Amino acid sequence: MSMDRADIAFAVNGAAVSVNVPPLRRLSSVLRDELRLTGTKVGCDAGDCGACTVLVDGDPVCACLMPAASAAGTAVTTVEGLANGRLSVLQASFLAHGAAQCGVCTPALLVAATALLDTKSRPTETEVQDALGGILCRCTGYRKIIAAVMEASLQAASLDFRLPLSGHAIGASPVRLDGVPKVTGAEKFGGDSFPADALAVLVIRSPHYHAGFAFGDIDGWASRHPGIAGVFTAADIPGKNCFGVIGPFADQPALAEGVARLRGEAVALVAGEREAMLDLDLSDFPVRWTELPHVLQPCDAQAAGAALIHESRPANLLTKGFVERGDPESALASAAFTASGTIDTSYVEHAYIEPEAGYAYLDGDTLVVVACTQAPYMDRDETAKVLGLAVDKVRIVPTATGGGFGSKLDVSLQPLIGLVALKTGRAAALAYTRNESMMSTTKRHPARIKATIGADADGYVTGMVFEGDFNTGAYASWGPTVANRVPVHASGPYATPNYRAEGRAIHTHGPIAGAFRGFGVPQATIMQETLYDELAGKLGMDRLDFRLKNCLQNGSETVTGQLLESGVGIAECLQALRPHWARTTADADAFNGASIDRKRGVGIASCWYGCGNTSLPNPSTIRVGIAADGAVILHQGAVDIGQGSNTVITQICADALGLPLEKFQLKSADTAISPDAGKTSASRQTFVTGKAAEKAGRALRETILRFANVSDKASLQLDGPAIVIREGEATRRIDLASLEMDADGFVFRAEETYDPPTLPLDAKGQGKPYAVYGYGSQIAELEVDLKLGTVRLIRIIAAHDVGKAINPLLVEGQIEGGIAQGIGMALMEEYIPGRTENLHDYLIPTIGDVPPIESILIEVPDPEGPFGAKGLGEHVLIPTAPAILNAIRHATGVLVTKVPATPSRILAAIREKGARA
């Protein structure tokens, strides 16, 4: 690309600007890098995600596709220009409806919706979908976005942002405490705060699934390219070149040494001045590849004579999980009815709209890494290990994270930018392209699952056997967690007295498979719930009644022998769906009686999910204090990736302390200042960190009451720099400024840790793996075109037991977002290495793919959870795909056994059924 520059003048947000840039520079880059208007996001640089949408002369445009020269003389509006010092009605409506979760796509949606509302003040749902159809959102499920746009003008006068008073935070739905920056564009994500003088970093990656490699004259190559500050390989890594999320299984090099085990593996770094790196051609980088044989399927990896991907793992088996109870073979042999099947699932890409991004710099002798992440303390420890630093010499400062869903639990660029910063002494910045993000980061495990379930003549399940092979790819990542979590959950939320399940994580040269919303349980549930439908049919029972007859109850024992004493809400979920089940199945029967080429189907599926780590320590620590000026400071280290933990955990602490939410100031995750609240995964933050926040709030309240020498019936009130304490007719006022402050500026403080009570699993998988489970059931209503094989979703109805809905609006948002991802898994998402490494060829649900969703919140409190609350984030995805597959079978009479159920697979199954008839 030519380095020639030109002066280009245009208006941005009503102000005249002139930039001197190459004419072909992307408008998105000019806005972000030259004008520092980082509200415009970059998710793909290909026009596929729409995150960079701005208005050009009033029309929505993908700024990543517009050359700067084309903007000359135009008027550009970005999200920062939608309001002057106050929120626009549309921005306020987004907040009121909970339409922003992680927030990375929110600016583009707001900009495009503003253009729509400028021409049509009261748009229909179809008009909203048409206007926003080019902008992808991975978090929300779109339904609240549609509502926010449609109701913006109607609610202009009634939007209410008052925070609830003391004692009423739990169960209320105040706007997100971090919501305003999300809708104004002020929120800073991983790529939004790069220092102007930071070195840009590029990564050299393997183009092969398996290859040896050797470097040529790197120094000579670098000398021929002005602006390069350094090239770094594994030989430059000062520490242990190995990382992994589970210590005993850690096996992944930050930079490969001589052999690359997967396509996209990093082998070298090139760092240089930003302008030089923008035009750098890496095609002549001096690396010689020797392609080696590779295996991509577990069956090939475990075939006799297959080469080992890691010498220490015979038969390419990473690990396996096992649960056995009773005598399943005898139970199946004596069962009145049995159902057996095999299901194959595919790689699923996380497809968060924000690719990995961050920068690193030296603060004295401390390495500071500022990046998007789900696990700052894990990042700190792994980065320190790779770079040979003491952990207290590495500081992780999480930015806002534009979606994660599990993949941002693993370190990615943190040790890479850290290495460059250490070696050069300069700040180093890196933002993955969409292609390298999709090529190199973790996926949902593909699985081949086989199972048999038996029932007696009365319809009670008597036994089940299950086995699943999970393709864990080239490195371990979260493969051990998947292998161990699946056997615990594969029975579903049903009493299964005789049971055996085994999950195996098997290495291949495919993409690394790691954590993705459910840790393998969504794949296992497809198998179990489709077999439940088949068994119900053989028994002649209604499908919902069959599930209700067998579901776990208070007093039940799980397949691991755990006694569930209380808090089991699956029956309540199923009962809540009963009237909807009757209506939708009757509607389907009536429709199908009058239709030939299209058939309607209704499916149901359930889930259960243990909150937190499986039989392992899982602590969270929360610190809260009151400053001399009367501010309540909450150190809340649980990274909010859109699910709302910043708000929910503060609500819990507020009610436990007995002070209003509006008095709280949040100090978010930062390994230098906030205690470790654990990783954001396994639906643990509301339960585990929430419990720590409840304990800390109660402890701080107790400290204040003891200081005032009053009983626990007293009430607290903040009045400027004073606490007013009332008990009966007595009132006491404590002047906070007169009290001694500690090193953190607190005059009163508390710090509490909570670790769920679990027990290890024995050799047969018996024990107490989780302290709290969440439960749910969903109905999918759809139509199938028998000639085309296409599916039109009509409605999803979801009943989920959350124990206590701390923030009902955020709960609904999690349900809708999880269902959208479940729809993708069921119908369209199939990551194929080398073929679908962009958001054009890899399909995720758009705003037109998610039907109306009815959420039914069930509250069966668990005494272990904070105020009775249970986790939710992962549960909500689990039943969606099996409910859809069961609905397709109800409509067509065929079960698609390779997921996703694409039109071609549905048609093939219909034709195969016809051929057998």
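Residues numbered from 1 in each chain as written. Predicted model: local features only at pLDDT ≥ 70, side-chain atom pairs only at ≥ 80, totals over all residues. Heavy atoms only, no water.

A. Looking closely at the packing of aromatic side chains. One pass over the structure, following the stated rule, counts 15 aromatic pairs. An angle of 15° between the planes, with centres 4.8 Å apart, marks the rings of Trp608 and Tyr773 as stacked. Pair noted here: Trp608 is in strand 23 (residues 598-610) and Tyr773 is in strand 31 (residues 773-785), with a separation of 165 residues, a long-range link. An identical accessibility class is assigned to Trp608 and Tyr773; each is buried. Taking 5.7 Å as the distance between ring centres and 70° as the angle between the ring planes, the aromatic pair formed by Phe687 and Tyr754 counts as edge-to-face. With a gap of 67 residues between them, Phe687 in helix 19 (residues 685-708) and Tyr754 in strand 30 (residues 746-754) connect regions that are remote in the sequence. (Phe/Tyr/Trp six-rings, centres within 6.5 Å; stacked < 30°, edge-to-face > 60°. Helix = DSSP H or I, 4+ residues; strand = E, 2+ residues; numbered from the N terminus. Buried < 20%, exposed > 50% of the residue type's maximum accessible area, 1.4 Å probe, protein only.)

B. Quick peek at the state of the cysteines. This structure, assessed with the given rule, holds zero disulfides. Looking at Cys139, it has no disulfide partner, and the nearest cysteine sulfur is the one in Cys102, 3.7 Å off. Sulfur of Cys372: no disulfide; nearest cysteine sulfur belongs to Cys102 and is 11 Å away. (Disulfide = S-S within 2.5 Å.)

C. Focus on the nonpolar core. Core analysis: the largest hydrophobic core is formed by 151 residues, its most contacted members being Phe94, Leu132, Val149, Phe466 and Ile884. Residues within four places of Val149 in sequence aside, it is in contact with Leu90, Phe94, Ala113, Leu116, Leu117, Pro123, Val128 and Leu132. (Core = buried A, V, L, I, M, F, W, Y, C linked by side-chain atoms within 4.5 Å. Contact = heavy atoms within 4.5 Å.)

D. Fine view of the sheet that holds strand 23. One open sheet accounts for four strands, arranged 23-31-32-33; its pairing is mixed. Single-partner strands in this sheet number two, and they are strand 23 and strand 33 (853-858). For this sheet the average axis-to-axis angle between neighbouring strands, irrespective of direction, equals 15°. Note: strand 31 against strand 32 (residues 791-801), ten bridges, orientation antiparallel. Among the inter-strand pairings, Ser777 is bridged to a residue of strand 32, identified as Ala799. (Pairing = 2+ DSSP bridges. Axes fitted to C-alpha atoms, helices over the stretch in contact; angles between N-to-C directions.)

E. View of the sheet that holds strand 21 (residues 461-473). Strand order across the open sheet formed by five strands is 12-22-21-20-13, with mixed pairing between neighbours. Pairing within the sheet leaves two strands with one partner each, and these edge strands are strand 12 (317-325) and strand 13 (337-344). For this sheet, the mean inter-axis angle between neighbouring strands, taken without regard to orientation, is 5°. Here strand 21 pairs with strand 22 (residues 498-507) via ten bridges, running parallel. Each bridged residue has a counterpart across the sheet, and for Val465 the counterpart in strand 22 is Arg500.

F. Layout of unusual backbone geometry. In the segment running from Val899 into Pro900, the intervening peptide bond is cis, with an omega of 15°. Checked against the element boundaries, Pro900 lands in the loop between helix 21 (880-892) and helix 22 (903-916). Its identity is not glycine, yet Tyr142 carries a phi of approximately 70°, on the positive side. As for its placement among the helices and strands, Tyr142 is situated in the loop between helix 4 (125-132) and helix 5 (143-150). A relative accessible area of 1% places Tyr142 in the buried class.

G. View of the pairing of strand 23. Counting buried positions along strand 23 gives twelve out of 13 residues, so the element sits mostly inside the fold. Pairing of strand 23 with strand 31, which is carried by 13 bridges, proceeds in the antiparallel orientation. Along strand 31, the bridge assignment pairs Cys607 with Gly776.

H. The arrangement of the pairing of strand 24 (residues 620-627) in detail. For strand 24, the tally of buried residues reaches eight of eight residues, placing the bulk of the element in the interior. Neither face of strand 24 is open: one carries Ser620, Ile622, Val624 and Ile626, the other Thr621, Arg623, Gly625 and Ala627, and all of them are buried. As paired elements, strand 24 and strand 30 share eight bridges and run antiparallel to each other. Within strand 30, the position partnered with Val624 by the bridge is Ala750. Where strand 24 and strand 25 (residues 632-635) come together, four bridges link them in antiparallel fashion. In the sheet register, Arg623 faces strand 25, and the bridge partner there is His635. Counting the residues that bridge the hairpin from strand 24 to strand 25 gives four residues, and of these Gly630 lies at a positive phi of roughly 95°.

I. The arrangement of the environment of Ile673 in detail. For Ile673, the location among the structural elements is in the loop between strand 26 (664-667) and helix 19. Judged by relative accessible area, Ile673 falls into the partly exposed class, the value being 38%. In the structure, Ile673 is positioned 23 residues away from Ala696 in sequence and 17 Å away in space, judged by C-alpha atoms. Discounting residues that sit within four places of it in the chain, Ile673 has contacts with Arg623 and His635.

J. Looking closely at helix 21. Helix length check: helix 21, at 13 residues, gives a terminal C-alpha distance of 18 Å against a target of 18 Å (1.5 Å per residue), a fit within 8%. A large share of helix 21 lies buried, amounting to twelve of its 13 residues. Those residues of helix 21 that sit buried are Thr880, Ala881, Pro882, Ala883, Ile884, Leu885, Asn886, Ala887, Ile888, Arg889, Ala891 and Thr892. Once helix 21 ends, the next one or two residues include Gly893, with phi positive near 85°. (Expected span 1.5 Å × (residues − 1).)

K. Representation of the pattern of salt bridges in the model. Scanning the entire structure with this criterion turns up 56 salt bridges. Arg274 is the salt-bridge partner of Glu34, the closest N and O atoms lying 3.4 Å from each other. One end of the pair, Glu34, is in helix 1 (residues 27-34); the other, Arg274, is in helix 8 (residues 274-278), with 240 residues separating them in the sequence. Accessibility expressed as a relative area gives 31% for Glu34, which makes it partly exposed. By sharing partners, the salt bridges in this structure join Arg5, Arg25, Asp33, Glu34, Arg274 and Glu275 into a single network. (Salt bridge = Lys/Arg side-chain N within 4 Å of Asp/Glu carboxyl O.)

L. Layout of the side chain of Thr233. Inspection of the secondary structure assignment puts Thr233 in strand 8 (residues 228-233). By relative accessible area, which is 11% here, Thr233 ends up buried.

M. Fine view of the side chain of Thr38. Residue position: Thr38 is located in the loop between helix 1 and strand 3 (53-56). Exposure remark for Thr38: the relative accessible area of 3% places this residue in the buried category. At 2.8 Å, the side chain of Thr38 forms a polar contact with the side chain of Lys188. (Polar contact = N/O pair within 3.5 Å; in protein donor to acceptor, adjacent residues only side chain to side chain.)

N. Broad picture of the environment of Lys443. Within the fold, Lys443 resides in strand 19 (residues 443-444). In this structure Lys443 comes out as buried when scored by relative accessible area, which is 0%. Counting along the chain gives 96 residues from Lys443 to Tyr347, while the straight-line C-alpha distance between them is 6.0 Å. With near-sequence residues (within four places) excluded, Lys443 lies in contact with Tyr347, Val348, Glu349, His350, Ser437, Met438, Pro511, Ile512, Ala513, Gly514 and Tyr831.

O. Summary view of the packing of helix 15 (residues 521-539) against helix 21. Close contact between helix 15 and helix 21 brings their axes to 9 Å; oriented N to C, the two are set at 35°. Classified by chirality, the crossing of helix 21 by helix 15 is right-handed. The residues of helix 21 that touch helix 15, namely those facing Thr525, Ile526, Glu529, Thr530, Asp533 and Glu534, are Ala881, Pro882, Leu885, Asn886 and Arg889. When grouped by side-chain class, the residues that make up the contact of helix 15 with helix 21 number four nonpolar, three polar and four charged. (Left-handed = near helix turned anticlockwise from the far one by under 90°. Nonpolar A, V, L, I, M, F, W, Y, C, P; charged D, E, K, R; others polar.)

In short, shape yes, function no, at least from these values alone.
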